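Coordinate inspection notes
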Amino acid sequence: MPQGGNRMRKAIYALGTMDTKADELCFVADCIRQTGLDVVLIDLSTRGSSDRADIAANTIAQSHPQGSESVQEQTDRGQAVTAMSEALREWLPSEVSSKNVAGVIAIGGSGGTAIVAPAFQALPIGLPKLIVSTVASGNTQPYVGSSDITMMYSVVDVAGLNSVSRRVLSNAAHAIAGMVANARDFPEDRPALGMTMFGVTTPCVDMVREALEAKGFDPLVFHATGTGGQAMEKLVADGLICGVLDITTTEVADEVVGGIMPGGPRRFDVILERGIPYVMSLGALDMVNFGARETIPNKFVDRKFLIHNPQVTLMRTTVDENRQMAQWIASKINRSTAPVEILIPERGVSMLDAEGEAFYDPTADQCLFDTLEQEVQQSDERRISRYPCHINDAVFAAALVEAFERVCGDRFQ
C-alpha cells in the first residue's frame, strides 16, 4: 500500500503490536483487501518494529509530547503501553482530520486494547471503528467510553492463526469492510439538539421532543446513565449538537452520592464552554442508582430503596444530599457566559417523586430548589424559574420548550 501523500483514496487503518501480532493483523488486512478496499498496516509495538508495517511504530511514537524516546526507551511495559497510547491519541485523530481514514480496526489483548481505545474514543462519531479483543466479554466501558466503538470478543487469545481465530478475525475484517463500503451521508438539514431522559421523566421528554420536532429541530435523546450524558457532551464538543435541554440531570446524584451512573466531574462543562443554547431541569435527582440490592455499600443500609429490576436498585436522596447536589450544579452554572435557564418543577422531579409515590419527599425537594436559588448567581442571562407542577405535566413540558426558544433568540431563524 502506498504511504503518505501517495495514497489516492481513503483506507482502513489496521492497528496492532506487530512485534507479536503481525501474522494476525496481516490476515485481517488480506481479508479486507479481498473486498476491494485499501488497508494501511500500523505498528504499535513498544519495543522493536516490523518490516511488514506500512507505518512504523517509531512514526507513531514520535507524536508523543515528550518524543519517541518516551515510548521506546521505557523499561517498564505498563509505562510503555501508556506512552504509546498517548502517542497514538495525538497521531490518529490528525490522520482522520486529513481525510485519509475510512475506518479503523485493531486487534489485541489487554495491552493492545489499552493502547488503541483512547485514540478510538477521540475519533468522530460515525467513523467505523472496531476492536477485536480478549477483554471484550467483560466490562467494556473503559474501552468504549461514550464513543461508538464496536468490540468483538476474540474467544481465543490473539496468539497465532487457528481454526477459531481465523473465523473471528475474518468476521471482524468483513464487518469493518461492510461498514466502510456501505457508509452513507445523511443530510443535516435540521439543527440537532441534545436531550436527557430517564424512564421516570419519559412523559415530559416525549412531549418536549415532539414539540421541538414540529418546530423543525432534530432532538437526540440520551439515556442519563452516566455514559449517556458523556456521549451527549462528546457530540457537543464535536459540533454535532447545537443546543441542549438537560431535563434529566440525575447523573449528578450518582456523581455526588456515589452511585454507579455518575456523569463525571466535567458534566456540564463542555456545554457551558461552547455557549450553546441551554435549558436545564432537575429530572430524577430524587434517586441514586445502584446494582443488585446485595451490591449496595453497607453505609447506605438504612436508606429508602426501590428495586427497579434485578440489576438496578434506586435509593432516595436525602435533604443533605439534595443540598450538595444543588451546590455542585451551581458551581458549574455560575461559570456560564451564554444564556442559561433552569426550570424547577415544584411538585416533583420524577414519576416516583409524586404525592403517594415511593420517593415523594417535599422536604428534600424544597432543599434542592431553595439551595439552587441561593447558590446560582442569577442575572438576565442566567435565570431560574419555578413552576407549580410536576415534571411530567404538560404545562411544564411547554414551559421547557418556551424557555429553549428564549435562550435561542434568533439563532435558528
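Residues numbered from 1 in each chain as written. Predicted model: local features only at pLDDT ≥ 70, side-chain atom pairs only at ≥ 80, totals over all residues. Heavy atoms only, no water.

**Here we look at the overall build of the chain**
- Looking only at helices and strands, the chain features 14 helices and 14 strands.
- Relative to the globule expectation of 22 Å for 413 residues, the C-alpha radius of gyration of the chain, 24 Å, shows essentially globular dimensions.
- Relative to its 413 residues, the chain shows a buried fraction of 54%.
- Sequence separation of at least 24 residues holds for 72% of the intrachain contacts in the chain that already meet a minimum separation of 6.
- The distance from the centre of the 35 positive side-chain charges to the centre of the 52 negative ones in the chain is 3 Å. (Helix = DSSP H or I, 4+ residues; strand = E, 2+ residues; numbered from the N terminus. Rg over C-alpha atoms; globule rule 2.2 N^0.38 Å. Buried < 20%, exposed > 50% of the residue type's maximum accessible area, 1.4 Å probe, protein only. Contact = heavy atoms within 4.5 Å. Lys, Arg positive; Asp, Glu negative; His and termini not counted. Charge placed at Lys NZ, Arg CZ, Asp CG, Glu CD.)

**As for the pairing of strand 3 (residues 101-108)**
- Counting buried residues along strand 3, eight of its eight residues qualify, which places the element largely inside the surrounding structure.
- Sheet topology note: the strand 1 (residues 11-16)/strand 3 ladder contains five bridges and is parallel. From the neighbouring strand, A11 faces strand 3, where its bridge partner is V101.
- Inspection of the sheet shows strand 3 paired to strand 4 (residues 129-133) by five bridges, in the parallel sense. Paired with I105 across the bridge in strand 4 is L130. (Pairing = 2+ DSSP bridges.)

**Quick notes on helix 7 (residues 163-181)**
- With 19 residues, helix 7 ought to run about 27 Å at 1.5 Å a step, and its terminal C-alpha atoms sit 27 Å apart, in line with that.
- For helix 7, the side-chain oxygen to backbone nitrogen distance between the N-cap and V164 is 3.0 Å, and the N-cap itself is N162. (Expected span 1.5 Å × (residues − 1). Polar contact = N/O pair within 3.5 Å; in protein donor to acceptor, adjacent residues only side chain to side chain.)

**Some thoughts on the environment of P297**
- When you line up the elements, P297 lands in the loop between strand 10 (287-290) and strand 11 (305-309).
- Residue P297 is classed as partly exposed on the basis of its relative accessible area, which comes to 32%.
- P297 sits 272 residues away from L25 along the chain, and the two C-alpha atoms are 44 Å apart.

**Quick word on the domain arrangement of the chain**
- You can read the domains of the chain as domain 1 (11-182) and domain 2 (192-408).
- Summarising the inter-unit geometry, the C-alpha centres of domain 1 and domain 2 are found 37 Å apart.
- The interface of domain 1 with domain 2 comprises nine residues on the first partner and six residues on the second.
- The junction of domain 1 with domain 2 conceals about 490 Å² of combined surface from both sides, 61% of it contributed by carbon and sulfur atoms.
- Along the contact surface separating domain 1 from domain 2 lie zero salt bridges. (Domains from an automatic or database assignment. Buried area = accessible area lost by both parts, 1.4 Å probe. Salt bridge = Lys/Arg side-chain N within 4 Å of Asp/Glu carboxyl O.)

**Section: the packing of helix 4 (residues 77-97) against helix 5 (residues 110-121)**
- Close contact between helix 4 and helix 5 brings their axes to 8 Å; oriented N to C, the two are set at 30°. Regarding the angle of helix 4 to helix 5, the classification is roughly parallel. Along this stretch, helix 4 crosses helix 5, giving a crossing that reads as right-handed. Judged by residue contacts, R77, V81, M84, S85, L88, R89 and L92 of helix 4 engage G111, A114, I115, V116, P118, A119 and F120 from helix 5.
- In terms of residue class, the contact of helix 4 with helix 5 is made up of ten nonpolar, two polar and two charged. (Axes fitted to C-alpha atoms, helices over the stretch in contact; angles between N-to-C directions. Parallel < 35°, antiparallel > 145°, perpendicular 65-115°, else oblique. Left-handed = near helix turned anticlockwise from the far one by under 90°. Nonpolar A, V, L, I, M, F, W, Y, C, P; charged D, E, K, R; others polar.)

**A closer look at the environment of P265**
- Summarising the element assignment, P265 is placed in the loop between helix 10 (251-257) and helix 11 (269-274).
- Residue P265 is classed as exposed on the basis of its relative accessible area, which comes to 61%.
- Separated by 243 residues in the primary sequence, P265 and A22 place their C-alpha atoms 40 Å from one another.
- When near neighbours in sequence (up to four residues on either side) are disregarded, P265 contacts E255, W328 and K332.

**Digging into the UniProt feature "domain: UPF0261" (unreviewed entry) in the chain**
- In the numbering used here, UniProt assigns the "domain: UPF0261" (unreviewed entry) feature to residues 11-182 and 190-407.
- In the segment residues 11-182, helix accounts for 47% and strand for 16%; the C-alpha atoms at its two ends are 14 Å apart.
- Between the C-alpha atoms that bound residues 190-407 the distance is 18 Å, and the span itself is 37% helix and 20% strand. (UniProt positions renumbered as here; feature names shortened; annotations may be inferred.)

**Quick notes on the sheet that holds strand 4**
- Overall, parallel pairing links the five strands, which are arranged 2-1-3-4-5 in an open sheet. Pairing within the sheet leaves two strands with one partner each, and these edge strands are strand 2 (39-43) and strand 5 (150-153). Each neighbouring strand pair of the sheet contributes to a mean axis angle of 20°, computed without reference to strand direction.
- Across the sheet, helix 4 is in contact with strand 1, strand 2 and strand 3; its angle to strand 1 comes to roughly 170°.

**So, a nonpolar patch on the surface**
- A contiguous nonpolar surface patch, about 240 Å² in accessible area, is contributed by Y153, V155 and V164.
- Position of V164 relative to the elements: it lies in helix 7.
- Residue class for V164 comes out partly exposed when judged on its relative accessible area of 31%. (Patch = residues over 30% accessible without salt bridge, like charges linked within 9 Å, V, L, I, M, F, W, Y side chains within 5 Å. Areas by Shrake-Rupley, 256 points an atom, 1.4 Å probe, with all protein chains shown as cover.)

**What to know about the packing of aromatic side chains**
- Within this structure, the stated rule accounts for six aromatic pairs.
- Centroid distance F217 to F412: 5.4 Å. Interplanar angle 90°. Geometry classified as edge-to-face. Taken together, the residues F217 in the loop between helix 8 (202-214) and strand 7 (218-223) and F412 in the segment after helix 14 (394-408) connect sequence positions 195 residues apart.
- We classify F217 as buried; its relative accessible area is 10%.
- For F412, a relative accessible area of 29% translates into the label partly exposed.
- Each member of the aromatic cluster is reached from another via a ring pair, and the members are F217, F404 and F412.
- Over the aromatic face of F305 sits the side chain of R293, whose NZ or CZ is 4.2 Å from the ring centroid. (Phe/Tyr/Trp six-rings, centres within 6.5 Å; stacked < 30°, edge-to-face > 60°. Lys NZ or Arg CZ within 6 Å of the ring centre and 35° of its normal.)

**A look at unusual backbone geometry**
- Phi is positive for K99, which is not a glycine, with a value near 70°.
- Mapping K99 onto the fold places it in the loop between helix 4 and strand 3.
- The phi dihedral of V155 falls on the positive side, at around 70°, and the residue is not glycine.
- Assessed through its relative accessible area of 51%, V155 is described here as exposed.

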